[in-house]
Amino acid sequence: LAKTTQPISMDSYEGQEVNITCSHNNIATNDYITWYQQFPSQGPRFIIQGYKTKVTNEVASLFIPADRKSSTLSLPRVSLSDTAVYYCLVGDMDTGRRALTFGSGTRLQVQP
Amino acid sequence: DVKVTQSSRYLVKRTGEKVFLECVQDMDHENMFWYRQDPGLGLRLIYFSYDVKMKEKGDIPEGYSVSREKKERFSLILESASTNQTSMYLCASSTEDNEQFFGPGTRLTVL
């Protein structure tokens, strides 16, 4: 399973755009990139998933360069409620391989 | 909405006890997972299952076993609880495209 590296923590202010970058140098051809968000005392929650280029949903955007060795989660105009831990994962989507590896995540602190 | 439930939010056990953590999902997902989460270490995969009666070891299976007799239920078993198994335990199930849905977690304390 590909290992991921992301910053331990980030600080931001309300209304700013936040970009969290994750490196995954040994990503495999069949791996997708997925981001989860976790609030204190709760289980992680799926945010976004992509394979290449750009993916956007109502919560975030995910940018993946052509070599796929890194990815960037972009949160537009963060609010205090976006304070959470964000996990970047890569996972094999082949049949029978459903396990993902969570790293330590990035703790985002949004200040007023 | 997908719902993943865990049998207890908080549990206190004594060293050497046999501990059962139960997880149930209501969306007919084939894949289910058990993780533990400790400060500074993120989530670590203990075991997962992609079908009834099937199980695969994760990154830290030592000291744990699992049971999947029915599709909706995945049990984590600590045969003889030890203090280093004090942790937050999270269960998840996933769709075909691997979007994982997590339960609320069980905070286990082993004295």
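The structure under discussion appears in the preceding block.
Presented here is an overview of the structure given in this document. (Residues numbered from 1 in each chain as written. Chains lettered and ligands numbered in written order. Predicted model: local features only at pLDDT ≥ 70, side-chain atom pairs only at ≥ 80, totals over all residues. Heavy atoms only, no water.)

Topic: the interface of chain A and chain B
Tallying the contact residues gives 18 residues for chain A and 22 residues for chain B. For the pair chain A and chain B, the summed buried surface comes to about 1,600 Å²; carbon and sulfur atoms form 51% of the total. Where chain A packs against chain B, one counts 0 salt bridges. Counting every contact that joins chain A to chain B gives 4 residue pairs in polar contact (both at pLDDT 80 or more). Contributions of two or more residues to the side of chain A that touches chain B are made by β3 (31-38), β4 (45-50) and β8 (84-92) of chain A. Residue classes in the side of chain A that touches chain B are distributed as 8 nonpolar, 8 polar and 2 charged. (Contact = heavy atoms within 4.5 Å. Buried area = accessible area lost by both parts, 1.4 Å probe. Salt bridge = Lys/Arg side-chain N within 4 Å of Asp/Glu carboxyl O. Polar contact = N/O pair within 3.5 Å; in protein donor to acceptor, adjacent residues only side chain to side chain. Helix = DSSP H or I, 4+ residues; strand = E, 2+ residues; numbered from the N terminus. Nonpolar A, V, L, I, M, F, W, Y, C, P; charged D, E, K, R; others polar.)

Section: the packing of aromatic side chains
This structure, assessed with the given rule, holds 7 aromatic pairs over all chains. With centroids separated by 5.9 Å and ring planes inclined at 85°, the aromatic side chains of Tyr36 of chain A and Phe46 of chain A adopt a geometry described as edge-to-face. Here the residue Tyr36 of chain A occupies a position in strand β3, and Phe46 of chain A occupies one in strand β4, the gap between them amounting to 10 residues. Classification of Tyr36 of chain A by relative accessible area gives buried; the value is 0%. Each residue in the set Tyr36 and Phe46 of chain A together with Phe33, Tyr35, Phe48 and Phe102 of chain B is aromatic and connected to the rest through ring pairs, giving one cluster. Stacked on the ring of Tyr51 of chain A, the Lys or Arg Arg68 of chain A has its end atom at 4.0 Å from the ring centre. (Phe/Tyr/Trp six-rings, centres within 6.5 Å; stacked < 30°, edge-to-face > 60°. Buried < 20%, exposed > 50% of the residue type's maximum accessible area, 1.4 Å probe, protein only. Lys NZ or Arg CZ within 6 Å of the ring centre and 35° of its normal.)

A look at the pattern of salt bridges
Residues and elements named next belong to chain B. Throughout the structure, instances matching the rule amount to 6 salt bridges over all chains. Of the charged contacts, one joins Glu22 and Arg73 as a salt bridge, the two residues approaching to 4.0 Å between their closest N and O atoms. Here Glu22 is found in strand β3 (residues 19-25), whereas its partner Arg73 is found in strand β8 (residues 73-78), with 51 residues between them in sequence. Classification of Arg73 as partly exposed rests on a relative accessible area of 38%. Here Arg44 and Asp38 are joined by a salt bridge, their closest N and O atoms 2.8 Å apart. Judged by relative accessible area, which is 25%, Arg44 ranks as partly exposed. Bridged by salt links that share partners, the residues Arg36, Asp38 and Arg44 form one connected network.

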